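Report on the structure
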Amino acid sequence: MQGVINSLSQLPEADALMYINPQRIINEVLPKFLSAKDLEEMHKAFEEAKTQAGIDPAKIEYLVIAVRFKKPTANLNFQAPELIVVSSGDFSAEALMGLARMASQGKLRDEKYGNKTIGLMTIEPIAKESEKNPLLKSFTELGVVALNGNTIATGSPGYLRAAIDAGEGKERISSVVLNSLVRDPNALLSFAGSPWGSFAKSFGMLGTETTPRAPRCESKIGDFYAALTMDATNFMFRGVSNADNPDTAKILANLYSGLLQYAASSIPDPNAQSVLKGLAITAEGDEVLLRADFSQQMVIEHD
């Protein structure tokens, strides 16, 4: 896991993140839910992917989806957030870049940035629609780049350039955000984000692209972490939300607990009631914690 953390520490700044552990999902979760025939078909598909594309899905170390919100433009227009998907594992990133060029049928054009080459492609239907809806302009282009020998990223071109800069040591993801994302290193998948900070950035509280402004509020209220993990018999969901101070944490925990009880009593489905009643919401320090354990057998039977 330390190698994964070292790799993730070279990502660019992010306002929301999702981390996926494909190896644990493939090797530990899917065998519990798929039939022997389905597992065999899955492994055959993996072998075909390895033969044709040079990548074995079972050898992907991690997938991370990162979202970055942007400040308003100089003319005070809202800008849609940027997104990248980063994957690392036992594969050749350059070989995958070559496959991407072949698959694009000549539509992928190269752009040099630093010591990297980004492959860019215009999404024509979105580009045409963006002429009527300016909010879509951020999604008219898609890029892909090999960040290193075994790490590839795809997504918004501007964010890919930031990822290249981060690889050179510029404006990397903060240790606070990264530590939140990998709070439980055994998670199958986890989420972390700063909704209040994202709102402040997107709606001009921190200024615009051309006019910076000192933040009016340094509160981390709303910063969240959530993860799904498992042991031999159970799936475990854990969530944490920053409440800024212990009093606010207790108020929010009581509010959430009351809403949860109301929801449990209002839903007629017994399975849904069982899931809701299994949720525990508590306040610890300046955080609101959510815990839920549910047996793998219950999931299999419900499925």
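Now for a description of the structure that goes with this document. Here the structure is a predicted model, which means the values were calculated and not measured.

Thresholds, definitions, all that
Residues numbered from 1 in each chain as written. Predicted model: local features only at pLDDT ≥ 70, side-chain atom pairs only at ≥ 80, totals over all residues. Heavy atoms only, no water. Pairing = 2+ DSSP bridges. Helix = DSSP H or I, 4+ residues; strand = E, 2+ residues; numbered from the N terminus. Salt bridge = Lys/Arg side-chain N within 4 Å of Asp/Glu carboxyl O. Buried < 20%, exposed > 50% of the residue type's maximum accessible area, 1.4 Å probe, protein only. Patch = residues over 30% accessible without salt bridge, like charges linked within 9 Å, V, L, I, M, F, W, Y side chains within 5 Å. Areas by Shrake-Rupley, 256 points an atom, 1.4 Å probe, with all protein chains shown as cover. Axes fitted to C-alpha atoms, helices over the stretch in contact; angles between N-to-C directions. Parallel < 35°, antiparallel > 145°, perpendicular 65-115°, else oblique. Contact = heavy atoms within 4.5 Å. Nonpolar A, V, L, I, M, F, W, Y, C, P; charged D, E, K, R; others polar.

1. Description of the pairing of strand E8 (residues 189-193)
Examined bridge by bridge, strand E1 (residues 16-20) and E8 share five bridges and lie antiparallel to one another. Within the sheet, the bridge partner assigned to Leu 17 lies in E8 and is Ala 192.

2. Quick notes on the pattern of salt bridges
Under the defined criterion, the tally for this structure stands at eleven salt bridges. Arg 68 is the partner of Glu 82 in a salt bridge, and the nearest nitrogen-oxygen pair spans 2.6 Å. One end of the pair, Glu 82, is in strand E3 (residues 82-89); the other, Arg 68, is in strand E2 (residues 60-68), and 14 residues separate them in sequence. Residue Glu 82 is classed as buried on the basis of its relative accessible area, which comes to 8%.

3. Looking at a nonpolar patch on the surface
Together, Phe 78, Leu 135, Phe 199 and Phe 203 make up a nonpolar patch on the protein surface, roughly 390 Å² of accessible area in all. As for its placement among the helices and strands, Phe 203 is situated in the loop between helix H8 (195-202) and strand E9 (224-230). When its relative accessible area of 51% is taken as the criterion, Phe 203 is described as exposed.

4. Structural notes on the packing of helix H2 (residues 22-33) against helix H3 (residues 36-53)
Packing of H2 against H3 brings their axes to within 11 Å, and their N-to-C directions diverge by 150°. The angle between H2 and H3 places the two elements in the roughly antiparallel class. Contacts between H2 and H3 involve Ile 26, Leu 30 and Pro 31 from the first element and Leu 39, Met 42 and Phe 46 from the second. Residues belonging to the contact of H2 with H3 are distributed by class as follows: six nonpolar, no polar and no charged.

5. Here we look at the sheet that holds strand E10 (residues 234-242)
Strands sit in the order E4-E5-E6-E7-E3-E2-E1-E8-E9-E10-E12-E11 across an open sheet of twelve strands; the sheet is antiparallel. The open sheet has two free edges, formed respectively by strand E4 (109-113) and strand E11 (279-284), since each of these has just one partner strand. Each strand axis lies, on average, 15° off the axis of its neighbour in the sheet, ignoring direction. One ladder, built from four bridges, connects strand E5 (residues 116-122) with strand E6 (residues 141-148); its direction is antiparallel. Each bridged residue has a counterpart across the sheet, and for Met 121 the counterpart in E6 is Leu 142.

6. Re unusual backbone geometry
Positive phi values are uncommon outside glycine, yet Gln 105 reaches one of about 55°. Tracing the chain through its elements places Gln 105 in the loop between helix H4 (93-103) and E4.

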